[in-house]
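This is what each chain is made of:
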Amino acid sequence: MVDAVGVVLENINSLLQKEFALVWGVDGEMKRLSSALLTIRDVLEDAEVKQFKDKAIRGWLKKLKDAAYDADDILDECAVKALQLEAQGRNCTNQVSTSFLSWFNFEQLMFRHKIGQKIKDVRKRFDDIAAERSNFHLNRGIVEWTVESNTERETTSILTEPQVYGRDEDREEIVKLLLNNISNPNLLVYPIIGMGGLGKTTLAQLVYNDERVKNHFNVRIWVCISDDFNVKRLIRAIIESMSGVACDLTDLDPMQSRLREMLGRRRFLLVLDDVWNEDQDKWDKLKYSLTSGIQGCSIIATTRTEKVGSIMGTFPAHHLKGLSEEDCWALFKQRAFGVGREENASLVVIGKEIVNKCGGVPLAAKALGSLMCFKQTETEWLFVRNSEIWDLPEDEENTILPALRLSYSHLPLHLRQCFAYCSIFPKDYKIVKGQLVHLWMANGFIPSKRNMELEDIGTEIFHELMRRSFFQVAGEFYGKVYKMHDLIHDLACSVMDNECLSLVSSMEKIVPERIRHLSLESYTLSSGLQLLIHSSINESLHKSQNIRTLLLNSLRAESDIVYQHFNFSKFGCLRALELNFHSVGSSCSPSLVLVRFINELGNLIHLRYLKLSYINVRALPESLSNLKHLQTLILRVCPMLEKLPAQMSSMSSLMHLNIDNCYRLSHMPIGIGRLRHLQTLSIFIVGMKSGCRISELQGLNLKGQLHIKGLEKVKNSMDAKEANLIRMINLESLTLSWSSNTKTHIQENAGEVLEGLQPPASIQILRIENYHGMKFPCWMEDLRLQNLVRVELIDCKRCEHLPPLGHLPLLKHLSVSRMDSIRYLSEEFYSGDDLGRGIFPSLKNLKLEEMINLEELLLNVPQGRQVFRCLVSINIINCDKLANLPFLPSLQRVLLRTKNENVPEGLLQNRNLPVLQELEFNGCPKLITLLRLFIKNEELDFSSLEVIRVSNCNAMEYLWEDETQFQGLISLKRLDIQFCSKLASLSGIRYLSALEDLNINQCPELELSQLEDFQHLTSLRVLSICSLPQLMSLPQNLKHTTLLQYLLILDCDGLTTLAPEWIHNLTSLRTLQISYCRNLTFLPDGIRQLTALQTLTIEACPILETRCRDGGEDWPKIAHIPNVIVKSWNPPMYMNQNSGCWGSLLELRRRLIQ
């Protein structure tokens, strides 16, 4: 809230400084508005503290925030006009007077009158709000947050939990560390870090009370820190804990002396619980007093923030993770059912779904379990299951949000709004850091700092929230992606109340009129359309015209229906708009509805962030250039886009332009180089006209990735140097490409052009495409780019030698494709290895594609020289002259593709590949059989192989004609076979005694029914059988696979019965999915005996669907299964094929499925 008022004040001051308020005659009103806001801001901190316990104050703050939003819209409208006036008067000597004279026309006089009245009205609202503040007795200035008193939060060393679940490994790890620290002369400080409620204190208590720890340390001390890191208080607490009597000292120096004397010649363990202090000096003062003990003294500090851990820790922190699903259920069950209470089966099913809300957080499991303890009926339990955490009452049992809110209360002011805004994303949403920072910028949440870019400040805010456990790393997808823990997401939702909303699929929910930020997520065609055209949502959405953020992501939504039901012109307050449609076809023509929508975008004058993905439009309207505030424009995968607005160079605020995968875009707007704030330009297409040449890049300070296309239009080295790439020190990735048009004559000047395009030494990724030179530039030959991590060389057909990439110390990924003149990776790769690092010392992934003359990887390697010592994966695609590989000590994965009938026998030798684990044959249309992997009593033995994948090998009838080849695969755990149209038999798989996972898909000639080998696959746990028309019944010998846990049967129309005699033998089966088996008529009686079965899915099996629903003939056989899912496939309402691209797409989809 303080931030919202601060943004308005900042905008007022900006307009006052530029004298535009004076020109418009609203100078006085703006100053009075500023004064009212300053009066309100003085008490906002106290109001934010008290709002969680006082509904009246919470209502007052909502009223204030609404007014602040409206004021911001008005001032933003003024700022747009100000930018227009600046543009009009840019060439005039006296800008203000010229701008003033320009007002003497009717339209602009009307604007002055309208804006003056708006400012006057909003100022009166703020005056009324300011007057109301006296009703609440709010204190001025900065106040301390007191969400709960320190007494309530105080912890002790006594473990009060009757049983602690899931922390044995954590305890053992910490205890061993403490015991092994006995000879360390320095004080060990070991932080335990984790979000609120994760059990850090409980873990510390477990360690503190462990008998081994008690016997190891002479003294053990427990101090609860909380908010008050007062050094004198803490020293007094330690003294009193050790002596058992009150400390009579008052000054710090004698207290430190006494403590050092008491600790002298003793081995102590000190637990500092719940530390928030981020002041290094305070910690140093306390630490000094604790350094007089003997060897092996230790401190355990529990905290929620990485920063505290880094300030205090002398050893890498212990990052506490959530409980497993089983442990979380055990803790919940202990509280919910108690001792002696009978567990109702239906309540257990609902309870396990409630536990999913906990996300492994013990506090949540305990609180929700305690909440359910006195609830006896299914209705009460279902209410809790269907409620969000923030909707549940906060009382003695439900302490979840108050505990988490403590973390929020410790956030600096400028971080609170940024965190709370993240509730716009649905739970488990994968957050991309850059996208989130740009959305913060668009909404004005990032405060300005002198000499710092807004984006850099936003990145700092993100990292600070990460350090405070508000975000978690969720994996890699073209860089790291992040997520919020479900309970942290609940906290954000509780803070934002009805200001942010995320709707998923066909969720029926009224959109509140106060909504400011909205996201819509749909993942199927039907649910997407229901979401978008649901009457209650649609009606309430159109009443909510103050929306500032609208994010629409749909995997299969029909975009025209979206455009019809969303009148974007009504959302005039939008700051951020994102539309992603992931199924739009590249051949579809733009509809009239789409064109109308695109033309409306230019009216959204407040827009700062615009992302359009998979939008079928040939050109963006010129009116888009009117968006003077637009900072981020993302046009990813717009396959029909041919041109950008011609006046784009006037979009003076533009910072990020992403046009990746806009394949038809052939030229750039004139004057891109005039966009002085531009930081990201994903693609630049070189033109011949003035204002489109490569020299446009010279004044830009770009970062991230840059792809320069059309380099055949650069005349010579001098022109190339005008791009001044070497100056772009923030650039991370650079792609340089010439036209792939074979009709283009070979450029003899390509070499000097590439020489002039030297990137900065900081570059990490370099890609060169369709280069026509005969040798690479000096800046590659001389190894000036020492920070390169990835290199891709594609279609450089005339180059006979590669640069000495083997000496790049950080190179991890190398791809070389279609370089017809390369016969081997030549001596230049490894000459002069002065540092002794070997050749390719860091390379992990190597891809060789269509290298038609490649005979060897390395030639004449000196004896004893290490090569490819870190190589983990190699792809060899249609390199049919490559006959052998060198010794690759770390290689784990090989992918092979060949156009020949056989793979050279010597290519894979186990003596050269000692740790090979995964082997894949993909897209080998003539390959008759796999190469030999086992020869008894000889050296050929790939017993380390764990995974084999075979796909798109359409000439292959057998994997090996000689079944003994299976014998050597004693470690094989997974076998995937798909799209092998002639494969007739899998005889021999009986030797795969370690096989756990078998997947067979679209092998139409394969008949498994009579295969006896299954009786030997006693380790099998996962079996997927898909699209086998010859399959009449499941192999009877599957009954021996008693460890099988997952069985999928998909699209097997020949299957009429499902193992009626023996299915009861599959006693370990947990998941059974049957889909698109249209002739399967019933389920066998033996399914009743599958007591381990947790989930049964029946999909698009018309006969079974009726029998398996509640009340159907087969229902009594499956009623015991906790999760029974029966889904019909409802064909869409087809359009006429002549009714446009959507009719064609739907018809194609229907044909594919049928």
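Note that the structure is predicted; figures quoted are calculated from it, not measured.

Criteria and cut-off values
Residues numbered from 1 in each chain as written. Predicted model: local features only at pLDDT ≥ 70, side-chain atom pairs only at ≥ 80, totals over all residues. Heavy atoms only, no water. Helix = DSSP H or I, 4+ residues; strand = E, 2+ residues; numbered from the N terminus. Buried < 20%, exposed > 50% of the residue type's maximum accessible area, 1.4 Å probe, protein only. Contact = heavy atoms within 4.5 Å. Areas by Shrake-Rupley, 256 points an atom, 1.4 Å probe, with all protein chains shown as cover. Phe/Tyr/Trp six-rings, centres within 6.5 Å; stacked < 30°, edge-to-face > 60°. Lys NZ or Arg CZ within 6 Å of the ring centre and 35° of its normal. Salt bridge = Lys/Arg side-chain N within 4 Å of Asp/Glu carboxyl O. Expected span 1.5 Å × (residues − 1). Arc of directions from axis to C-beta. Pairing = 2+ DSSP bridges. Axes fitted to C-alpha atoms, helices over the stretch in contact; angles between N-to-C directions. Parallel < 35°, antiparallel > 145°, perpendicular 65-115°, else oblique. Polar contact = N/O pair within 3.5 Å; in protein donor to acceptor, adjacent residues only side chain to side chain. Disulfide = S-S within 2.5 Å. Core = buried A, V, L, I, M, F, W, Y, C linked by side-chain atoms within 4.5 Å. pLDDT = per-residue confidence, 0-100.

Brief notes about the overall build of the protein chain
Moving on, step 1. Across its full length, the protein chain carries 33 helices and 35 strands.
Moving on, step 2. With 1154 residues in all, the protein chain has 53% of them scored as buried.
Moving on, step 3. Put simply, 68% of the contacts in the protein chain that link residues at least 6 apart link residues at least 24 apart.
Moving on, step 4. Total accessible area computed for the protein chain in this model is approximately 50100 Å², and 48% of it derives from carbon and sulfur atoms.

Quick notes on the environment of G197
Moving on, step 1. When you line up the elements, G197 lands in the loop between β1 (188-193) and α9 (200-208).
Moving on, step 2. The class of G197 is buried, set by a relative accessible area of 18%.
Moving on, step 3. Taking C-alpha positions, G197 is 6.1 Å from V361, a pair spaced 164 residues apart along the chain.
Moving on, step 4. When residues no more than four places from it in sequence are discounted, the contact partners of G197 are V361, P362 and L363.

Looking at the packing of aromatic side chains
Ring pairs (aromatic) are described by centroid distance and by the angle formed between their planes.
Moving on, step 1. Enumeration over the complete set of coordinates arrives at 15 aromatic pairs.
Moving on, step 2. When the centroid spacing of 5.3 Å and the interplanar angle of 65° are considered together, the rings of Y421 and F445 count as edge-to-face. In this pair, Y421 is assigned in helix α20 (residues 413-421) and F445 in the loop between α21 (433-442) and α22 (454-467), connecting sequence segments 24 residues apart. The residues Y421 and F445 share a single accessibility class, namely buried.
Moving on, step 3. A network of ring pairs unites the aromatic residues W329, F332, F337 and W381 as a single cluster.
Moving on, step 4. Note that R260 overlies the ring of Y288, its terminal NZ or CZ placed 4.7 Å from the centroid.

Quick look at the pattern of salt bridges
Moving on, step 1. In total, this model carries 56 salt bridges according to the counting rule given.
Moving on, step 2. Salt-bridge contacts for E460 lead to K449; the nearest nitrogen and oxygen are separated by 3.8 Å. Residue E460 is found in helix α22, and its partner K449 is found in the loop between α21 and α22; the two are separated by 11 residues along the sequence.
Moving on, step 3. Taking the relative accessible area as the measure of exposure, E460 reaches 39% and is therefore partly exposed.
Moving on, step 4. Measuring nitrogen to oxygen at the nearest pair gives 2.3 Å for the salt bridge that ties R767 to E792. Here R767, found in strand β19 (residues 765-769), pairs with E792, found in strand β20 (residues 790-794); they are 25 residues apart in sequence, far enough to count as distant.
Moving on, step 5. R767 gets classed as partly exposed once you look at its relative accessible area, which sits at 26%.
Moving on, step 6. Judged by its relative accessible area of 16%, E792 falls in the buried class.
Moving on, step 7. Ionic contacts of the salt-bridge type, sharing partners, join the residues R893, E918, E920, R949, R974, D976 and D997 into one network.

Some details on unusual backbone geometry
Moving on, step 1. In this model, N661 sits at a positive phi of 60°, which is unusual for a non-glycine residue.
Moving on, step 2. Relative to the assigned elements, N661 resides in the loop between β14 (656-658) and β15 (680-681).
Moving on, step 3. A relative accessible area of 30% means that N661 is categorised as partly exposed.
Moving on, step 4. Within the chain, D1051 stands out as a residue other than glycine whose phi angle is a positive 55°.
Moving on, step 5. Looking at where D1051 falls in the secondary structure, it is placed in the loop between β32 (1046-1050) and β33 (1071-1075).
Moving on, step 6. The class of D1051 is partly exposed, set by a relative accessible area of 30%.

Some details on the environment of W1062
Moving on, step 1. Take W1062: it is sitting in the loop between β32 and β33.
Moving on, step 2. According to the relative accessible area criterion, W1062 is buried, its value standing at 5%.
Moving on, step 3. When sequence neighbours within four positions are dropped, the list of residues in contact with W1062 reads L1034, P1035, Q1036, L1038 and K1039.

Details of helix α12 (residues 252-263)
Note that an α-helix has 3.6 residues per turn; residues three or four places apart therefore point the same way.
Moving on, step 1. Here α12 contains 12 residues, and its C-alpha end-to-end distance of 16 Å stays within 8% of the 16 Å for a straight helix at 1.5 Å per residue.
Moving on, step 2. Turning to α12, its buried residues number three or more, namely M255, Q256, L259, M262 and L263. Buried residues along α12 cover an arc of 130° about the axis, so they all sit on one side. For α12, the exposed residues lying more than 90 degrees away from the buried face are D253 and E261.
Moving on, step 3. Taken together, the buried residues of α12 touch β2 (219-226), α11 (231-243), β3 (268-275) and α13 (280-288).
Moving on, step 4. Looking one or two residues past α12, R265 carries a phi angle of roughly 60°, positive in sign.

So, the sheet that holds β3
Moving on, step 1. One open sheet accounts for 5 strands, arranged β2-β3-β4-β1-β5; its pairing is parallel. Here the strands that pair on one side only, and so sit at the sheet edges, are β2 and β5 (318-319).
Moving on, step 2. In the sheet, β1 pairs with β5 via 2 bridges, with the strands oriented parallel. Across the sheet, I192 pairs through a bridge with H318, a residue of β5.
Moving on, step 3. The sheet strands contacting α11 are β2 and β3, and the helix crosses β2 at an angle near 145°.

Some points on the packing of α20 against helix α23 (residues 486-496)
Moving on, step 1. The N-to-C vectors of α20 and α23 enclose an angle of 110°; their axes lie 8 Å apart at closest approach. Considered as vectors, α20 and α23 are oriented roughly perpendicular to each other. Contacts from Q417, F419, A420 and Y421 of α20 reach α23 at I488, L491, A492, V495 and M496.

Overview of the side chain of S1019
Moving on, step 1. Mapped onto the elements, S1019 comes out in the loop between β30 (997-1001) and β31 (1022-1026).
Moving on, step 2. The class of S1019 is buried, set by a relative accessible area of 18%.
Moving on, step 3. Here S993 takes part through its backbone oxygen, which lies 2.9 Å from a polar atom of the side chain of S1019.
Moving on, step 4. Apart from residues lying up to four places away in sequence, S1019 is in contact with S993, A994, L995, E996 and L1043.

With respect to the state of the cysteines
Moving on, step 1. Following the criterion strictly, the structure yields 0 disulfides and no others.
Moving on, step 2. Here C796 stays free of any disulfide, with the sulfur of C799 as its closest cysteine sulfur at 5.4 Å.
Moving on, step 3. Note on C796: relative accessible area 0%, which makes it buried.

Comments concerning helix α17 (residues 362-372)
Moving on, step 1. With 11 of its 11 residues buried, α17 lies for the most part within the structure.
Moving on, step 2. When α17 is considered as a whole, its buried residues turn out to be P362, L363, A364, A365, K366, A367, L368, G369, S370, L371 and M372.
Moving on, step 3. Close packing links the buried residues of α17 with α15 (325-337), α16 (345-355), α18 (378-386), α19 (400-409) and α23.

Observations concerning the pairing of strand β21 (residues 813-817)
Moving on, step 1. Taken across its 5 residues, β21 has 4 buried, putting it largely inside the fold.
Moving on, step 2. Sheet topology note: the β20/β21 ladder contains 5 bridges and is parallel. Counterpart to R790 in the pairing with β21 is H813.
Moving on, step 3. As judged from the 5 bridges shared by β21 and strand β23 (residues 845-849), these two strands associate in the parallel manner. Bridge pairing in β23 places H813 opposite N845.

A closer look at the nonpolar core
Moving on, step 1. If you look at the biggest cluster of nonpolar residues, it comprises 186 residues, and the most contacted ones within it are L697 and L857.
Moving on, step 2. If near-sequence neighbours (up to four positions away) are discounted, L697 is found in contact with L681, F684, L702, L706, I708, A723, L725, R727 and M728.
Moving on, step 3. Of all hydrophobic cores here, the second largest spans 89 residues; its members include F217, W381, M484 and A576.

Comments concerning the environment of L347
Moving on, step 1. For L347, the position within the fold is in helix α16.
Moving on, step 2. Sequence spacing of L347 and M372 is 25 residues, and the spatial spacing of their C-alpha atoms is 10.0 Å.

Details of the confidence of the model for the protein chain
Moving on, step 1. Across the protein chain, pLDDT averages 83, with 84% of residues at or above 70.
Moving on, step 2. For the stretch residues 91-104, pLDDT sits under 50, and the model shows 18 contacts to residues farther than four places along the chain or on other chains.
Moving on, step 3. When the criterion is pLDDT under 50, residues 524-533 qualifies, and its contacts beyond four places in sequence or with other chains add up to 30 contacts.

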